[in-house]
Amino acid sequence: MKFSLKKWVMSVAAAAALTVSAMPAMAQQVDKLDQIRQSGELRIPVMVGEEPGYIRDRNTGEWGGFYVEWGKEIAEVLDVKVVPVETTWGNLAADFQANRIDIALGLNPNPSRGLVVDYLSVPLFTDAWALVARPDFDATTWNELNNPDVRLVVQSGGTMQVVAENLTPNATIVPVAERPLGVLELQSGRADAMIVAIFDALQIANQVDVKVIVPEPMLRNPATIGVARTPNNAGFINWLTNWVNQQRALGLAQAKLRNAFDKAGLDTSVLPANFSF
């Protein structure tokens with residue numbers, strides 16, 4: 001076969017062009033775990049009024065709470081620092097889409113948020129849905145709550161809103177942006193009860209005069225970890241799953257929750273006997 005310098009030069013040029021054009025795509029496929037380690041930061045959401053999961057020191061502005069502690073533990077293993085990003089439960093999906101956060105802890109599966117967020121298949125702990133209600137409010141089942149005369153507060157865009165809209169569609173549902181606003185609705189008499197996670201109910205009852213109710217049948221919900229849905233997050237999800245499995249298997253997650261509740265002075269005796277986290 002006769003050698004053609006012209007054809008050889010053209011083939012080399014074409015190969016080089018293909019390599020260059022593929023470089024951006026390859027760069028985009030860098031594993032999310034590697035991206036975080038290279039950036040030196042793990043960005044986590046923090047939220048006002050969500051104690052004891054998120055606690056902001058009024059004097060220093062530093063963030064603590066068991067969710068932040070978990071974030072710091074993950075960051076320590078990855079040899080990066082935690083960067084708090086103030087937000088709300090309802091804004092998490094937008095935060096992930098805007099690449100403002102890398103990870104969110106304690107998420108409950110949410111159909112709308114699930115369009116842009118990947119959830120780990122194993123829970124960090126198990127929660128249940130509860131009510132904080134006016135002291136004279138006596139509904140104890142989801143069926144009794146499903147009444148137009150019942151005014152239920154939920155956090156807008158959160159999983160509690162999904163629960164209310166599906167289990168109590170006939171109730172008068174009052175969405176609010178943040179938990180403290182819901183407490184104000186209760187205190188002012190504009191609402192009868194607010195749907196919250198059972199641990200959040202203990203915290204609220206420790207601060208204001210409300211009744212904690214766990215409606216029957218008990219509705220358990222896994223609290224897991226969420227990351228942005230991207231083509232390059234499989235390795236990150238696998239690593240986080242291994243981390244969560246160890247937390248659960250060694251009792252580390254359960255112990256952290258108990259310690260947080262004891263430190264906050266929360267009365268866990270009101271929890272149902274058949275409940276465990």
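Conventions we followed
Residues numbered from 1 in each chain as written. Predicted model: local features only at pLDDT ≥ 70, side-chain atom pairs only at ≥ 80, totals over all residues. Heavy atoms only, no water. Salt bridge = Lys/Arg side-chain N within 4 Å of Asp/Glu carboxyl O. Helix = DSSP H or I, 4+ residues; strand = E, 2+ residues; numbered from the N terminus. Buried < 20%, exposed > 50% of the residue type's maximum accessible area, 1.4 Å probe, protein only. Pairing = 2+ DSSP bridges. Right-handed = clockwise from strand over helix to strand, strands pointing away.

**Describing the pattern of salt bridges**
- Summed over all chains, the structure comprises 13 salt bridges.
- The salt bridge partner of Arg 151 is Asp 192, with a shortest N-O separation of 3.1 Å. One end of the pair, Arg 151, is in strand 8 (residues 151–155); the other, Asp 192, is in the loop between helix 7 (179–187) and strand 10 (193–197), with 41 residues separating them in the sequence.
- Since its relative accessible area comes to 29%, Arg 151 is described here as partly exposed.
- For Asp 192, a relative accessible area of 4% gives the class buried.
- It is possible to trace a salt-bridge network through shared partners that takes in Arg 134, Asp 136, Arg 151 and Asp 192.

**A short note on the pairing of strand 8**
- Burial runs high along strand 8: 4 of the 5 residues are buried.
- Here strand 8 runs beside strand 9 (residues 172–176); their pairing, made up of 5 bridges, is parallel. Bridge pairing in strand 9 places Val 154 opposite Pro 175.
- Viewed along the sheet, the connection from strand 8 through helix 6 (residues 159–167) into strand 9 turns out right-handed.
- Relative to strand 10, strand 8 runs parallel, the two being bridged by 2 bridges. In the strand pairing of strand 10, Leu 152 is matched with Ala 193.

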